[in-house]
Amino acid sequence: MQIEKLPLAPAEADAAPALHPAYRRDIDGLRALAVLSVVLYHAFPARLPGGFAGVDIFFIISGFLIGSILIAAMQQNAFSFAEFYARRVRRIFPALIVVMGACLAFGWFSLFPDEYKMLGKHVFGGAGFLSNFFLWNEVGYFDTAAETKPLLHLWSLGIEEQFYIFWPVLMLLAWKRRFSLAALALGVAALSFLVNVGGLHKFPSATFYSPASRIWELLYGSVLAYMSVNGLSLFAGVHRKHGADTVADWSGPRARNVKSALGLAMLLATLALLRADRHFPGWWALLPTTGAVLLIAAGPQAWCNRVLLGNPVAVWFGLISYPLYLWHWPLLAFARIIESGLPSSKIRGAAVLAAIVLAWLTYRLLERPLRGAAHGRRKVIVLSAAMLALAAAGGALYRANGLPLRASVVDSAAQQKELFVVEDVANAAACKERYGFTSIYEYCLMDDPASKPTVAMVGDSHAFHVWAGLNRYYHGKGENLVYFGTRVPFVGLPAGDDPYQKVVPMMLDKVMNEPTVKTVIISTFARLNIEDEGGKRMTQALHDTIAMFIASGRKVVYISDTPYLDFEPRSCIRRAGVASSQTRTDCSLPRAKQDEQIARHKVAEKQALRDFPTVQVFDAAAQLCDAQRCLVMRENKLLYRDTHHLSHEGDLFMGERYARQMDAAAH
């Protein structure tokens, strides 16, 4: 059998010659393709919809390069944990420390306390290579809120370093027990891939961020490394003979060109065809990872590798790929934060250019001097101490709630307070105890938990955000208001897997079984329509719910919902620490846009209420809107805390308007 030995690529300039793989320009070119794909996707996602798969290419490259060093060292009985991790510290820490430190410094001037607190949390996670776990339970990678997290991109670095903490230990144990390293890698990779495919639909966030569902990509590269170290190659020795002539030689130059071209085609197809709304990684991840494996396996002499990936421009970008990856996302995220939305294409382009310049400076002035083995122990100690200091600073910042007394934010402190949820925790606990609620899905608030309720409000968070104002009104009238938290508070709706919807029947029964309750208030975020079967079913459910309460002798008040904003209300607050920060001129939503949003809802709402002339309708939107606009700020106070929930100030304002309408109706 004819065997082709693959030349290897570099990882560290200070590795022992016998263990160090030979340098390959084409792998630096592949790095360039990976990092530029990610950068362009983040800056201009419509131009390169599958660019986020560049991270998966990085996983293959990393698994191949580091795997080559590990396998060669273990097979020569020359592996040292101290040397391996010291090399990782010198390679990874310098640029990461500078980028995270720069984020903390800029955040001091530009971020509100809640944002700065979250940045502190993510600095702590980044310093401990735990970012993927921190992000696991937060917003997903493709969600809008993720675009304002300056250190979101460190999730991939966390997965890599977690892999390199545990994988060498498993390899060494297997090697000492004479267990095949290839069999170990293939077995663990297969299990990881099954976790990836099996968990994708039910646990999408966990599957995206978990090392258990991602390490197969690093191991894919490591298996290729094992083949290379041991003189094996893909399709080695596969020949097709016709008489005395060789028709196809899969280990020859032509085959290498085919592998190279096929691999590049797979990567280009990934960048063009993949979309953020497709389930990823899953089976889709095989496209970029296999493409990268084929390119590396083809070797540096394959035409695509030599001419396209090995060209000087690609190699240069490959050399700065790590700091470029670290710098680009914080610059884009901070631009979005300061601009209170998607920055202009010019600003995003400028951010990308700035990232390239900073990456080159980081590589020249920091990475190259610190990567070498000279004074290695001293470098490791200093870098480790700096990383620990960053972790401590991030943790302290989180505990200090983002330092709300900084000069750059203290002037707008009153407005910033409106961005947070105001909850009477003690009252909720007393109410839950009164009704025997034990789960987080069972929630209530009550003006006086020791007395019987006389007014009940049922609804979701859009009932909660008018609780304080309504409670102030009813308390002044000598009434005792109780609020039962639900999802959509209508009878007969299927709950599916939603635990909050499952408790709705019980919450409605609580109201029905309270003989002292004379008034029932219904408030929900649900938008109705009568143009499809689901919408018709929900509209009928509202009708049936109102009919049920009226039949029981209760007065019913229906709250028609507040407008949904198309911008974040925090954009109405000027960032004093950033001179270029902008705020909306009048901080409002055009009335025409609100009318367009609720056109179908109003038709369905009218149909649901037409049989009940005694129902009082409180139009919350009408309290905020005139003929031209819907207010988001009033008397320099924010009325919203996010795009669809009222702030505490908005809650109290709505209570005043509610009181005015109820008192007018009583006379």
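Residues numbered from 1 in each chain as written. Predicted model: local features only at pLDDT ≥ 70, side-chain atom pairs only at ≥ 80, totals over all residues. Heavy atoms only, no water.

### A word on the overall build of the chain
Note the threshold: Comment: elements are numbered from the N terminus, with helices defined as DSSP H or I runs of at least four residues and strands as E runs of at least two. For the exposure calls, accessible area comes from a 1.4 Å probe over protein chains only, and a residue counts as buried if that area is under 20% of its type's maximum, exposed if over 50%, partly exposed in between. Any two residues whose heavy atoms approach within 4.5 Å at even a single point are treated as in contact. In this description, accessible areas are obtained by the Shrake-Rupley approach with a 1.4 Å probe, and a residue is regarded as covered only by the protein chains that are shown.
From N to C terminus, the chain includes 28 helices and 12 strands. C-alpha extents for the chain along the principal axes are approximately 105 × 60 × 50 Å. Counting only residues that meet the buried cut, the chain has 54% of its 667 residues in that class. The contacts in the chain between residues at least 6 apart in sequence include a share of 76% that link residues at least 24 apart. In the form shown here, the chain has an accessible surface area of approximately 29200 Å², with 61% of it arising from carbon and sulfur atoms.

### Details of the state of the cysteines
Think of a disulfide as a covalent bridge from one cysteine sulfur atom to another cysteine sulfur atom. The condition is simple: Criterion for a disulfide: a pair of cysteine sulfur atoms at a distance within 2.5 Å.
Within this structure, the stated rule accounts for three disulfides. What pairs with Cys-572 in a disulfide is Cys-587, and their sulfur atoms sit 1.7 Å apart. As the torsion about the S-S bond is roughly 75 degrees, the Cys-572-Cys-587 disulfide counts as right-handed. With Cys-572 in the loop between strand S7 (555-560) and strand S8 (588-590) and Cys-587 in the loop between S7 and S8, this residue pair connects regions lying 15 residues apart in the sequence. When its relative accessible area of 9% is taken as the criterion, Cys-572 is described as buried.

### Topic: unusual backbone geometry
The amide bond that connects Phe-280 to the next residue, Pro-281, takes the cis arrangement and shows omega of 10 degrees. Positionally, Pro-281 belongs in the loop between helix H10 (253-273) and helix H11 (286-298).

### Considerations on the packing of helix H21 (residues 467-476) against helix H28 (residues 648-666)
So the rule is basically this: Throughout, an axis means a line fitted to C-alpha atoms (over the contacting stretch in the case of helices), and angles, computed between N-to-C directions, take values from 0 to 180 degrees. Here the word oblique covers every angle except those under 35 degrees (roughly parallel), over 145 (roughly antiparallel) and from 65 to 115 (roughly perpendicular). Throughout, a crossing is termed right-handed when the near helix is turned clockwise from the far one, and left-handed when it is turned anticlockwise from it by less than a right angle.
For the pair H21 and H28, interaxial distance at closest approach is 6 Å and the crossing angle is 40 degrees. If you check the angle between H21 and H28, you find them oblique. The handedness of the crossing between H21 and H28 comes out as right-handed. Packed against H21, whose contacting residues are Trp-467, Ala-468, Gly-469, Leu-470, Arg-472, Tyr-473 and Tyr-474, the element H28 presents His-648, Asp-651, Leu-652, Gly-655, Tyr-658, Ala-659, Met-662 and Asp-663 at the interface.

### A closer look at the layout of surface pockets
Test applied: Computed over the protein atoms alone on a 1 Å grid, cavities are sets of points where a 1.4 Å probe fits but cannot get out and pockets are open sets with protein on both sides within 12 Å along at least five of seven lines; a residue lines them when it has an atom within 4 Å of a point. Grid points are joined across faces, edges and corners, and a volume is the space filled by probe spheres set on the points. Any residue outside Ala, Val, Leu, Ile, Met, Phe, Trp, Tyr, Cys, Pro, Asp, Glu, Lys and Arg is labelled polar, Gly included; the first ten of those are nonpolar and the last four are charged.
By volume, the largest pocket is sized at about 960 Å³. Lining the largest pocket are 32 residues, with Glu-115, Ala-145, Thr-148, Glu-568 and Arg-570 sitting closest to its centre. For the lining of the largest pocket, the secondary-structure elements that each account for two or more residues are helix H4 (113-127) and helix H14 (321-339). Top contributing element to the lining of the largest pocket by residue count: H4, with six residues. Grouping the amino acids of the lining of the largest pocket by side-chain chemistry returns 12 nonpolar, seven polar and 13 charged.

### Quick word on the environment of Pro-211
If you trace the backbone, Pro-211 turns up in the loop between helix H8 (204-209) and helix H9 (215-229). Beyond its immediate chain neighbours, meaning those up to four positions away, Pro-211 contacts Asn-132, Phe-133, Ile-159, Gln-162 and Ser-192.

### Brief notes about the sheet that holds strand S9 (residues 616-619)
The line we're drawing: For two strands to pair, DSSP has to find at least two bridges joining them.
Sheet architecture is open: six strands sit in the order S3-S5-S4-S6-S7-S9, paired in mixed fashion. Strands with a single pairing partner mark the edges of an open sheet, and in this sheet they are strand S3 (443-446) and S9. Taking the axes of each pair of neighbouring strands and ignoring which way they run, one obtains an average angle of 20 degrees across the sheet. Across five bridges, strand S6 (residues 519-523) lies against S7 in parallel orientation. Across the sheet, Ile-521 pairs through a bridge with Val-557, a residue of S7. Sitting on the sheet, helix H23 (residues 504-512) is in contact with S3, strand S4 (455-459), strand S5 (481-485) and S6, with an inclination near 160 degrees to S5. Relative to S9, H28 is tilted by about 150 degrees, and along the sheet it contacts S6, S7 and S9.

### Considering the nonpolar core
Our working rule: Put simply, buried Ala, Val, Leu, Ile, Met, Phe, Trp, Tyr and Cys residues joined by side-chain atoms within 4.5 Å make one nonpolar core.
Formed by 110 residues in total, the largest nonpolar core has its most connected members in Leu-30, Leu-96 and Met-100. Broken down by element, the residue count for this core peaks at 14 residues, all from helix H2 (residues 54-75). If we skip the residues at most four places from it in the chain, Leu-30 touches Ile-57, Ile-61, Leu-267, Ala-292, Leu-295, Ile-296 and Leu-309. By size, the runner-up hydrophobic cluster in this structure holds 44 residues, among which are Leu-419, Leu-624, Leu-639 and Leu-652.

### Side note on the packing of aromatic side chains
The line we're drawing: Working definition: rings of Phe, Tyr and Trp (its six-membered ring) pair if their centres are within 6.5 Å, and the pair is stacked with planes under 30 degrees apart, edge-to-face with planes over 60 apart, and tilted otherwise.
Counting across every chain of the model gives 33 aromatic pairs. Ring geometry for Phe-52 versus Phe-280: centroids 5.2 Å apart, planes at 85 degrees, classification edge-to-face. Taken together, the residues Phe-52 in the loop between helix H1 (25-43) and H2 and Phe-280 in the loop between H10 and H11 connect sequence positions 228 residues apart. Where Phe-163 meets Tyr-164, the ring centres are 5.0 Å apart and the plane angle is 70 degrees; that geometry is what we call edge-to-face.

### Topic: the confidence of the model for the chain
The condition is simple: Each residue carries a pLDDT score, the predictor's confidence in it, ranging from 0 to 100.
The predicted model of the chain averages 90 in pLDDT, with 93% of residues at 70 or higher. Note on residues 236-248: pLDDT under 50 across the span, and 21 contacts to partners over four residues away in sequence or across chains.

### A short note on helix H26 (residues 599-609)
Working note: α-helix, 3.6 residues per turn, so residues spaced by three or four point in the same direction. Cut-off, in case you're wondering: The directions from the helix axis to the C-beta atoms are what the arc is built from.
Those residues of H26 lying buried are His-601, Ala-604, Glu-605, Ala-608 and Leu-609. One side of H26 holds all its buried residues, which, seen down the axis, span an arc of 130 degrees. The elements touched by buried residues of H26 are helix H24 (533-551), S7 and S9.

### Regarding a nonpolar patch on the surface
The cut-off we apply is this: Patch rule: a residue counts if its relative accessible area is over 30% and it has no salt bridge; like charges are joined within 9 Å, and nonpolar side chains (Val, Leu, Ile, Met, Phe, Trp, Tyr) within 5 Å. Between Lys or Arg on one side and Asp or Glu on the other, a salt bridge is scored when a side-chain nitrogen of the former is within 4 Å of a carboxyl oxygen of the latter.
Taken together, the side chains of Trp-316, Val-357, Trp-360, Leu-361 and Leu-365 present a nonpolar region at the surface, about 470 Å² in accessible area. If you tally residues by element for the nonpolar patch, the top one is helix H15 (residues 345-371), at four residues. Looking at where Trp-360 falls in the secondary structure, it is placed in helix H15. Judged by its relative accessible area of 35%, Trp-360 falls in the partly exposed class.

### Considerations on the packing of H1 against H10
Direction vectors running N to C along H1 and H10 enclose 5 degrees, while the axes themselves pass 12 Å from each other. Comparing the axis directions of H1 and H10 gives the class roughly parallel. Two secondary-structure elements touch here, H1 through Leu-30, Leu-33 and Ser-37 and H10 through Leu-264, Leu-267 and Leu-271. Class assignment for the residues of the contact of H1 with H10 results in five nonpolar, one polar and no charged.

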